[in-house]
Amino acid sequence: MAKMEVKTSLLDDMIGVGDMVLLEPLNEDSFINNLKKRFDHNEVYTYIGSVVISINPYRSLPIYTPEKVEEYRNRNFYELSPHIFALSDEAYRSLRDQDKDQCILITGESGAGKTEASKLVMSYVAAVCGKGAEVNQVKEQLLQSNPVLEAFGNAKTVRNDNSSRFGKYMDIEFDFKGDPLGGVISNYLLEKSRVVKQPRGERNFHIFYQILSGASEEFLCKLKLERDFSRYNYLGLDSARVNGVDDASNFRTVRNAMQIVGFMDHETQSVFEVVAAVLKLGNIEFKPESRANGLDESKIKDKNELKEICELTGIDQSVLERAFSFRTVEAKQEKVSTTLNVAQAYYARDALAKNLYSRLFSWLVTRINESIKAQTKVRKKVMGVLDIYGFEIFEDNSFEQFIINYCNEKLQQIFIELTLKEEQEEYIREGIEWTHIEYFNNAVICDLIENNQTGILAMLDEECLRPGTVTDDTFLEKLNQVCATHQHFESRLSKCSRFLNDTSLPHSCFRIQHYAGKVMYQVEGFVDKNNDLLYRDLSQAMWKANHSLIKALFPEGNPAKINLKRPPTAGSQFKASVATLMKNLQTKNPNYIRCIKPNDKKAAHIFNEALVCHQIRYLGLLENVRVRRAGYAFRQPYEPCLERYKMLCKQTWPHWRGPARAGVEVLFNELGIPEEEFSFGRSKIFIRNPRTLFKLEDLRKQRLEDLATLIEKIYRGWKCRTRFLLMKKCQIVIASWYRRYAQQKKYQKIKSSAITVQSYIRGWKARKLLRELKHLKRCNEAATVIAAYWHGTQVRREYRKFFRANAGRKIYEFTLQRLMQKYFLEMKTKMPSLSPIDKNWPARPYLFLDSTHKELKRIFHLWRCKKYRDQFTDQQKLIYEEKLEASELFKDKKALYPASVGQPFQGAYLEISENPKYKKLKDAVDEKIIIAEVVNKINRANGKAASRIFLLTKNNVLLADQKSGTIKSEVPLGDVTKVSMSSQNDGFFAVHLKEGSGAATKGDFLLSSDHLIEMATKLYRTTLSQTKQKLNIEISDEFLVQFKQDKVCVKFIQGSQKNGNIPTCKRKNNRLLEVAVP
Ligand SMILES: Nc1ncnc2c1ncn2[C@@H]1O[C@H](COP(=O)(O)OP(=O)(O)O)[C@@H](O)[C@H]1O
Ligand SMILES: [Mg+2]
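The shown structure was predicted, so the numbers you read here are calculated from the model rather than taken from an experiment.

Undergrad: Tell me about the overall build of the chain, and name the residues and values.
TA: Within the chain, the regular secondary structure consists of 32 helices and 31 strands. Computed over its C-alpha atoms, the radius of gyration of the chain comes to 85 Å, more than 25% above the 31 Å expected for a compact globule of 1078 residues. Within the chain, the proportion of its 1078 residues that are buried is 47%. In the chain, the proportion of contacts linking residues at least 24 apart, taken out of those at least 6 apart, comes to 64%. A total of about 56300 Å² of accessible surface is found on the chain, and carbon and sulfur atoms cover 53% of it. Looking at charge distribution, the chain has the averaged site of its 168 positive side-chain charges lying 20 Å from that of its 132 negative ones.

Given below as structure tokens:
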């Protein structure tokens, strides 16, 4: 395999020459050699300018991959090595970008690769155009229409295993963005004779084989078919199987495609029912049956097949059976029924089969169109792809070949028109210097066929419509007369006997020198095929079918719509549709793909030079190259040219004022394009070399980018400027508002400061005024005071003589006296009681009388005390004196004291002078007795008490026996040194005697008395008055007593209560006498 390389230019690293325009030297040999060289290196595409020559490789090449699609996408036509994709891309882009409707014209012989090429173009466009769910569905439907139509419209021929037996032109519609919207398919004349008969080595339409191979048993059963080709008369047996074709899998592909395209299940079912019916029709056979009137009559041999057909299609069996036996001719309101002989019956059968099939095919196309129809009403751009049956020369060529070849003539014509004739004429028209290039113009051949008066088709129609016996021979005769002189018409029996001796030309044939070669047509069948007659009985029978599809296929069978007018002949129909097609193509920008077949064997790697040479010749490719070389690669009217490139030059950009031609001149001069590269025509500029155009395009692209940048720049500038201006405006507004605000603020500040200053000044002024006023007032007041004083002084001076000098003191004293008076008078009424213990005293009325008041209180108290004392007698006084003395001696010292306060001191408790008992004692004393009382004398030895009479006189203390009254002891007061007693509530007391005294021999006396306080007090008073010495009275709970020689301690203790309240005395030991005081 040759190395696949990415080429950046047509001239770089090419095998041979990629563009024949550059071929040097140019002649047939070099042309073919170049093709061969390229073909041998797998380069099947070669350019002639913008025309693509495609040589069928008969094997799959790895040059249609998605990567290749990407490689060619959006690239310049001449940039990469020649490819069908480059042409497709160019067409698609100029459709999308320049809004030019396109058509892709694919021409070439049968088997040259036209159908493949058309599919490649479509798949490329599908790959590069818009994406998206909706778009993809449209694409898918467009692409899937192919397998369906190929199954029903293609067949194996000797030339091509997949030969298109119909012409197809497909318009793909795009929106302004280049997204596909839908499509319209036009079909041209299906070769329907193939349904009933196929030449040797050929097959019927693929679909029959596909059904029988691919359908399930169940489905076949439903269709009442058997999986056996040999069972069906209509299927040519010799080549039922084609190498490399898998009918079964293709059947599945077809069914799948039908589903994608949008066929309903019941529609698919109906379609296959019709196909089955057609197949089965072929099996209906007739046998002759002689009738009494001598006429031959046909009869169906085996009605089983007929029955099945009727079951399949819902036709009444008797109706169909009758339609195969009789023919009703209607003329002038008369119906004449004639029987059909066997041959006529077969003819009727085949006619029905052909019609059924071809109408089914047309219905399929209509149905597909319904599905792929663009949904919107928006303006559409159109790309037409024409894939028509190729030029054909068979052994036996009939009406179909004639039609096919006519169509090819027309296509060649349009090619010549647009590439050779039109181009050359344009140079002349435009006044470009031009040497004419000879080429064969096939217009004469077209005229031979299609001329309205003398054309073959017109003759045929004339024959068909002519009353009387019309046969193919009468038609040939006619041709022989009319076309005898035509250069391209040959017939044995033509008037001019040019071909009288041409044995290669049978009598029943005529030959046409087509642009692509001579073709001999068998005249047999021309009239019939042109008439395309179907007996009305059959079409009516079909219309009666209980099968909606079949009914729809035969609308003329409706008795209500009987139309006695002849339908247009097949030839005239075809002519008309071809004319429409040509007109259509002429409105579009053509893109040519010229397919060449390298050999007749459908084999790879074989390059049959003679065969190729023949095709090159009739295709006029060499002339094409010559015209191209002599001419200019590109032309364009001045206006659009200037419009397109004016941005490349300063003078023309942005506006050129003046004629467009002058503008283009300036532009080209400015760009420095060499003069030989272009020519100025009358209305167009001609550019010789594509390179120049590409250069221009590149410059333009560059410049557009610059302009885009410029526009962007200007727009940005404008945007920034407007923004800036707006900002500036805003700034001014803001500033003015701010200034206003600031000034307002400042003004308010100044105003408030002014007010403050003003108020201070006013305040200051007011204060100053106030000060002055105050001063003035003070001055006035001062003056008044001075005046008052002065007046006072004057008055006083005047009145002084009227007053004594001490009048003030007197008044003071008087007042004081008055107050005192008042005080004392008030005191008189408020005096408290005379009781000395009354503590009440009126409150002091004046502060200055404080000391007086206190003094008065004291005096009053003293006075009332004196008053109280003055009530007492001397006796009472004495008693109180004694009581006072006792208080001084014992108060708070001796517990016995308080009880003694209430007891009056009686002194002489014993009535000594009265009681005779004590007469002796009385006599013995002879002194005034101060105390006479019974006391208990405590025995010094044992502590026992013994009653004694205690007497106190002025000088002595006497103790006498109570019974006898005998004096037991007598102690002068001077010998009494001390009296001791306890601090407790007892009456014990010790009288201590002066040592050495007479009475002291026995020791001190320890006594106990109920009237101890009285006795001690009187003893003390008496001692004091007699001896002028204070008697020592010791109060202590432990004291020493002198007993004879011993000193005994008398101790007072807390005693028990068992002896009542009487204290008990006990001699404890020599040294201790214990007194228990309860
Ligand atoms: N580009 C191609 N690559 C490979 N095989 C091709 C190519 N073009 C055509 N063929 C082969 O040639 C056969 C005939 O091509 P086809 O397009 O049907 O011819 P046409 O439509 O011109 O009669 C195809 O079935 C295919 O096998
Ligand atoms: Mg084809």
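Alright, that's what it looks like, and here's the rest.
Undergrad: Help me get a handle on the environment of isoleucine 403, residues and values and all.
TA: Here isoleucine 403 lies in helix H14 (residues 399-429). We classify isoleucine 403 as buried; its relative accessible area is 1%. Linking isoleucine 403 and aspartate 175, residues 228 residues apart in sequence, is a C-alpha distance of 35 Å. Apart from the residues within four sequence positions on either side, isoleucine 403 is in contact with Leu189, Leu457, Gly571 and Phe574.

Undergrad: Any chance you could break down the sheet that holds strand E7 (residues 180-188) for me, citing the residues and the numbers?
TA: The seven strands are arranged E1-E2-E16-E3-E12-E6-E7 in an open sheet whose pairing can be described as mixed. Two strands bound the open sheet, and with one partner strand each, they are strand E1 (45-48) and E7. Adjacent strand axes in the sheet meet at a mean angle of 20° when their direction is disregarded. Sheet analysis places strand E6 (residues 167-174) next to strand E12 (residues 381-387), joined by seven bridges and oriented antiparallel. Within E12, the residue paired with methionine 170 across the bridge is valine 385. Helix H13 (residues 342-372) rests against E6 and E7 of the sheet, and its axis sits at about 170° to E7.

Undergrad: Tell me about the packing of aromatic side chains, and please be specific about residues and values.
TA: All chains considered together, the criterion is met by 43 aromatic pairs. Ring centres of tyrosine 347 and tyrosine 535 lie 6.1 Å apart, and the angle between their planes is 50°; this geometry places the pair in the tilted category. Taken together, the positions of tyrosine 347 in helix H13 and tyrosine 535 in the loop between helix H18 (526-531) and helix H19 (536-543) put the pair 188 residues apart, joining distant regions of the chain. What makes tyrosine 347 partly exposed here is its relative accessible area of 27%. Sitting above the plane of the tyrosine 232 ring, arginine 231 keeps its charged end 5.6 Å from the centroid. Directly above the aromatic system of phenylalanine 415 lies the positively charged group of arginine 594, at a separation of 3.6 Å from the ring centroid.

Undergrad: Hey, could you go over the side chain of histidine 206 for me, with residue numbers and the actual values?
TA: Looking at the secondary structure, you find histidine 206 in helix H7 (residues 206-214). Excluding anything up to four places from it in sequence, histidine 206 contacts Glu150, Ala151, Asn154, Ala155, Lys156, Asp161 and Asn162.

Undergrad: Outline the coordination of the magnesium ion (ligand 2), supporting the account with residue identities and numerical values.
TA: Each donor-metal-donor angle in an ideal tetrahedron of four donors is 109.5 degrees, and each such angle in an ideal octahedron of six donors is either 90 or 180 degrees. Around the magnesium ion (ligand 2), the protein supplies Thr115 (OG1) and Ser164 (OG) as donor atoms, at distances of 1.9 to 2.2 Å. Of the two residues, threonine 115 is situated in helix H4 (residues 114-128) and serine 164 in strand E5 (residues 163-164); the sequence distance between them amounts to 49 residues.

Undergrad: A description of a nonpolar patch on the surface should follow, citing residues and the corresponding values.
TA: A contiguous nonpolar surface patch, about 300 Å² in accessible area, is contributed by Val757, Ile761 and Trp764. Relative to the helices and strands, tryptophan 764 is located in helix H26 (residues 690-799).

Undergrad: Provide a residue-level description of the nonpolar core, including the pertinent values.
TA: Core analysis: the largest hydrophobic core is formed by 184 residues, its most contacted members being Phe31, Phe152, Phe208, Leu320, Phe324 and Phe510. Here the element with the most residues in this core is H13; it accounts for 14 residues. In this view, phenylalanine 208 contacts Val195, Leu235, Val275, Val278, Leu279 and Tyr357; residues no more than four positions away in its chain are not counted. With 32 residues, the next largest nonpolar core counts Ala886, Ala999, Ala1000 and Tyr1020 among its residues.

Undergrad: Could you give an account of the sheet that holds strand E17 (residues 634-637), with specific residues and numbers?
TA: As a general point, the strands of a sheet are linked pairwise by backbone hydrogen bonds and lie either parallel or antiparallel. Reading across the sheet, the three strands line up as E17-E19-E18 and stay open at both edges, with antiparallel pairing between neighbours. With partners counted over all chains shown, the strands left at the sheet margins are E17 and strand E18 (678-680), one partner each. Neighbour-to-neighbour, the strand axes of the sheet open up by a mean angle of 15°, direction not taken into account. In the sheet, E17 pairs with strand E19 (residues 684-687) via four bridges, with the strands oriented antiparallel. Paired with arginine 635 across the two strands is phenylalanine 686, which belongs to E19. Contacting E17, E18 and E19, helix H24 (residues 638-645) crosses the sheet at an angle of about 100° to E17. Of the strands in this sheet, E18 and E19 are in contact with helix H25 (residues 660-671), which crosses E18 at around 155°.

Conventions adopted
- Residues numbered from 1 in each chain as written.
- Chains lettered and ligands numbered in written order.
- Predicted model: local features only at pLDDT ≥ 70, side-chain atom pairs only at ≥ 80, totals over all residues.
- Heavy atoms only, no water.
- Helix = DSSP H or I, 4+ residues; strand = E, 2+ residues; numbered from the N terminus.
- Rg over C-alpha atoms; globule rule 2.2 N^0.38 Å.
- Buried < 20%, exposed > 50% of the residue type's maximum accessible area, 1.4 Å probe, protein only.
- Contact = heavy atoms within 4.5 Å.
- Areas by Shrake-Rupley, 256 points an atom, 1.4 Å probe, with all protein chains shown as cover.
- Lys, Arg positive; Asp, Glu negative; His and termini not counted.
- Charge placed at Lys NZ, Arg CZ, Asp CG, Glu CD.
- Pairing = 2+ DSSP bridges.
- Axes fitted to C-alpha atoms, helices over the stretch in contact; angles between N-to-C directions.
- Phe/Tyr/Trp six-rings, centres within 6.5 Å; stacked < 30°, edge-to-face > 60°.
- Lys NZ or Arg CZ within 6 Å of the ring centre and 35° of its normal.
- Donors = N, O, S within 2.8 Å, 3.2 Å for Na, K, Ca; no water.
- Patch = residues over 30% accessible without salt bridge, like charges linked within 9 Å, V, L, I, M, F, W, Y side chains within 5 Å.
- Salt bridge = Lys/Arg side-chain N within 4 Å of Asp/Glu carboxyl O.
- Core = buried A, V, L, I, M, F, W, Y, C linked by side-chain atoms within 4.5 Å.

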